[in-house]
Amino acid sequence: MTLTDPGPYHDASGYYEAKERDENDPLAPFRHRFVHSDPGLIYLDGNSLGRLPVAAVETIEEVSNRQWGDRLIRSWNEGWWDMPTRVGDLLAPLLGASPGEVIISDSTTVNLYKLATAALASCPGDRNRIVTDDLNFPSDAYVLDSVARRFGGELEIVASDGINGPIDRLTEAIDDRTALVSLSHTTFKSGYTYDLGQVTELAHGAGARMLWDCSHSVGSVPIDLDACDADLAVGCTYKYLNGGPGSPAFLYVREDLQDVLENPIAGWWGHSRPFSFDLAFVPMEGIRRFQTGTMPILSLAPIEAGVSLVLEAGIDAVREKSMALSEYLISQAREHLEPLWFEVASPTDPERRGSHVAISHEMAWPITRAMTERANVIPDFRTPDSIRLGLSPLYTSFVDVHTAVQRIVAIIKSKVHTDFVDDTATVT
Ligand SMILES: *Cc1c(COP(=O)(O)O)cnc(C)c1O
């Protein structure tokens, strides 16, 4: 049984309302700038792996066939060497950063390690604790814990209610032993979005540095690192920036800290004269010193296409649509899903919410599998009971949201999810 056709549960008047919203959506034309090889697929996982931009296909061909195939090693001097800073500068406005403050480098996890270590190394020895919350991405917590222990300190994980950032408890936890506060700007499970200025000020008030992970914000929520005087930031390029699977991450170091902090994984790409092949390390001036080794050009090049699309649409317009989509999804969930024992597990205030909405249900995992296998809707599952619905404003439509909710209703009413209770998967 498949559930992709409008069935007995189809809400026709709701459909026309959604269609009208799409007709009035100024960002609707951006949908066609992405590859849609299956027009019937409703893809609600752009917060985990964004869609393929049409322009990126051209970039990939150009980089592989012409730059690698024809030009070979000459390409390093024809644009490859400067690509990490060039794409970093392109991305800077989406972070509220200035040119020269952002570089594409390694993965988010590795960048977090580099910047957290640099921050702790710059503190006096008795200031060696790191504060985070229990909404943070576990990989971040692993890194922060290992860094804190290396400096003889520890990671304090402040408990939340599972949805909202625990501001009061963070305020209590941050003190004169705190070297670093590190949080996800938008948290990966509930989608809670911190007030960047408020928390940065909290950290600074106690003499600690602030390191933001913007993976789930960048490209969907405006970020103002410079204006908030944030110290450090990292984040992914393969989520709302649509950079491609495993595309390298970015790191931000506020300009005045670049020559104060030391890259703990010093490598030749951060050396002031990499081709002098000196055995003594002399860091390059500025943000480039935070590079380590040779960058994966085939994965780096397509990021430019993804970032350019967000810049072309304008981050404020993207945010406006994102908020409209998530408000709409929550209203649909209240009306159609809550009676079926779903709960909305994201913040209710759109200002404090990123671009995905989590709904929880006891049978979340088999429902997720049924959505993918029988209803042609791709969400993702986060243990133990969350289904995340990612709303990527450049290509998610209101009709997508409406139809996805109707298909979930059809799954529950027809009980097809019970076919999937014993399913397993490596990547969820
Ligand atoms: C997606 C995500 C990551 C992933 O890190 P990788 O090094 O790319 O695997 C890390 N932190 C946060 C907050 C994320 O949302």
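Note: the structure precedes this text.
Attention in this report is confined to the structure presented alongside it. Predicted model, so just to flag it, every value in this text is computed and none were measured. (Residues numbered from 1 in each chain as written. Predicted model: local features only at pLDDT ≥ 70, side-chain atom pairs only at ≥ 80, totals over all residues. Heavy atoms only, no water.)

Thoughts on the overall build of the protein chain
Part 1: Counting its regular elements, the protein chain contains twelve helices and 13 strands.
Part 2: For the protein chain, the spread of C-alpha atoms along the three principal axes comes to 70 × 60 × 40 Å.
Part 3: Counting only residues that meet the buried cut, the protein chain has 57% of its 428 residues in that class.
Part 4: Partitioning the intrachain contacts of the protein chain with sequence separation of at least 6 by distance along the chain shows that 73% fall at a separation of at least 24.
Part 5: Side-chain charges in the protein chain split into 35 positive and 61 negative, and the spacing between the mean points of these groups amounts to 4 Å. (Helix = DSSP H or I, 4+ residues; strand = E, 2+ residues; numbered from the N terminus. Buried < 20%, exposed > 50% of the residue type's maximum accessible area, 1.4 Å probe, protein only. Contact = heavy atoms within 4.5 Å. Lys, Arg positive; Asp, Glu negative; His and termini not counted. Charge placed at Lys NZ, Arg CZ, Asp CG, Glu CD.)

Structural notes on the pattern of salt bridges
Part 1: The tally for this structure, following the rule as stated, stands at 26 salt bridges.
Part 2: For glutamate 62, the salt bridge goes to arginine 66, with nearest N and O atoms at 2.9 Å. Within this pair, glutamate 62 and its partner arginine 66 are both found in helix 2 (residues 54–71), separated by four residues, close to a single helical turn.
Part 3: The partner of arginine 374 in a salt bridge is aspartate 419, with the nearest N and O atoms 3.1 Å apart. Taken together, the residues arginine 374 in helix 11 (residues 364–374) and aspartate 419 in the segment after helix 12 (398–414) connect sequence positions 45 residues apart.
Part 4: Owing to a relative accessible area of 47%, aspartate 419 belongs among the partly exposed residues under this scheme.
Part 5: Among the ionic contacts, a cluster of salt bridges with common partners joins Arg209, Asp229, Asp231, Arg254 and Asp256. (Salt bridge = Lys/Arg side-chain N within 4 Å of Asp/Glu carboxyl O.)

Some thoughts on the sheet that holds strand 3 (residues 129–133)
Part 1: Reading across the sheet, the seven strands line up as 2-8-7-6-5-3-4 and stay open at both edges, with mixed pairing between neighbours. If you trace the sheet from one side to the other, it starts and ends with strand 2 (102–104) and strand 4 (155–158), each paired once. Pairwise comparison of adjacent strand axes, ignoring direction, gives a mean angle of 20° for this sheet.
Part 2: In terms of strand pairing, strand 2 meets strand 8 (residues 250–253) through three bridges, oriented antiparallel. Of the residues in strand 8, the one forming a bridge with valine 102 is tyrosine 252.
Part 3: Sitting on the sheet, helix 4 (residues 108–121) is in contact with strand 3, strand 5 (178–184), strand 6 (209–213), strand 7 (232–235) and strand 8, with an inclination near 165° to strand 7.
Part 4: Its contacts with the sheet put helix 7 (residues 196–205) on strand 5 and strand 6, and the angle it makes with strand 6 is roughly 145°. (Pairing = 2+ DSSP bridges. Axes fitted to C-alpha atoms, helices over the stretch in contact; angles between N-to-C directions.)

With respect to the side chain of arginine 369
Part 1: Within the secondary structure, arginine 369 is located in helix 11.
Part 2: Every residue in contact with arginine 369, bar those within four places of it in the chain, is listed here: Arg374, Phe420 and Asp423.

Some details on the pairing of strand 3
Part 1: Of all the five residues making up strand 3, five are buried; the element is thus mostly covered by neighbouring parts of the structure.
Part 2: Of the pairings in the sheet, the one linking strand 3 to strand 5 comprises three bridges and is parallel in character. Directly across from valine 131, in strand 5, lies its bridge partner valine 181.
Part 3: In this sheet, strand 4 lies alongside strand 3 in parallel orientation, the contact comprising four bridges. Note that in strand 4 the partner of threonine 132 across the bridge is isoleucine 157.
Part 4: In the classification by handedness, the crossover that spans strand 3, the intervening helix 5 (residues 138–150) and the parallel strand 4 is right-handed. (Right-handed = clockwise from strand over helix to strand, strands pointing away.)

A closer look at the pairing of strand 10 (residues 356–360)
Part 1: Among the five residues in strand 10, five count as buried, and that is most of the element.
Part 2: The side-chain alternation of strand 10 yields two buried faces, one formed by His356, Ala358 and Ser360 and the other by Val357 and Ile359.
Part 3: As paired strands, strand 9 (residues 343–344) and strand 10 are joined by two bridges and run antiparallel to one another. The residue bridging glutamate 343 from the neighbouring strand is serine 360, located in strand 10.
Part 4: As paired elements, strand 10 and strand 13 (residues 386–390) share five bridges and run antiparallel to each other. Each residue of the ladder has a partner; that of histidine 356, found in strand 13, is glycine 390.

Overview of the environment of isoleucine 387
Part 1: Tracing the backbone shows isoleucine 387 in strand 13.
Part 2: For the pair formed by isoleucine 387 and isoleucine 157, sequence separation is 230 residues and the distance between their alpha carbons is 24 Å.
Part 3: Setting aside chain neighbours within four positions, we find isoleucine 387 in contact with Phe342, Val357, Ala358, Ile359, Ala364, Ile367, Thr368, Met371, Pro379 and Asp380.

Some words on the site of the ligand
Part 1: Taken together, Ser107, Thr108, Thr109, Phe137, Asp140, Ser184, Asp213, Ser215, His216, Cys236, Tyr238 and Lys239 are the residues near the ligand.
Part 2: Threonine 109 is positioned with one of its side-chain polar atoms (N or O) 2.6 Å from an oxygen atom of the ligand.
Part 3: Here an oxygen atom of the ligand and a side-chain polar atom of lysine 239 are 2.6 Å apart.
Part 4: For the ligand, whose accessible area on its own is 390 Å², the fraction buried by protein is 86%. (Near = heavy atom within 4 Å. Polar contact = N/O pair within 3.5 Å; in protein donor to acceptor, adjacent residues only side chain to side chain. Areas by Shrake-Rupley, 256 points an atom, 1.4 Å probe, with all protein chains shown as cover.)

A short note on a nonpolar patch on the surface
Part 1: Together, Trp68, Leu72, Ile73 and Leu298 line one region of the surface with nonpolar side chains, adding up to about 460 Å² of accessible area.
Part 2: For leucine 72, the location among the structural elements is in the loop between helix 2 and helix 3 (83–95).
Part 3: Looking at leucine 72, the relative accessible area reads 47%, which means it is partly exposed. (Patch = residues over 30% accessible without salt bridge, like charges linked within 9 Å, V, L, I, M, F, W, Y side chains within 5 Å.)

Comments concerning the nonpolar core
Part 1: Core analysis: the biggest nonpolar cluster contains 58 residues, and Leu91, Leu95, Trp212, Leu225 and Leu394 have the highest contact counts within it.
Part 2: It is helix 3 that contributes the most residues to this core, six residues altogether.
Part 3: Residues contacting leucine 91, with those up to four places away along its chain left out, are Val102, Ile104, Val218, Leu241, Phe250 and Val307.
Part 4: Leu325, Leu329, Val344 and Ala375 belong to the second largest nonpolar core, which has 36 residues in total. (Core = buried A, V, L, I, M, F, W, Y, C linked by side-chain atoms within 4.5 Å.)

Here we look at unusual backbone geometry
For residues besides glycine, phi is generally negative; the peptide bonds are generally trans as well.
Part 1: Residues threonine 383 and proline 384 are joined by a peptide bond in cis, for which omega reads 0°.
Part 2: By the element assignment, proline 384 lies in the loop between strand 12 (380–382) and strand 13.
Part 3: The backbone of phenylalanine 277 sits at a positive phi, close to 50°, despite the residue not being glycine.
Part 4: Inspection of the secondary structure assignment puts phenylalanine 277 in the loop between strand 8 and helix 8 (297–300).
Part 5: Here phenylalanine 277 falls in the exposed class, since its relative accessible area comes to 56%.

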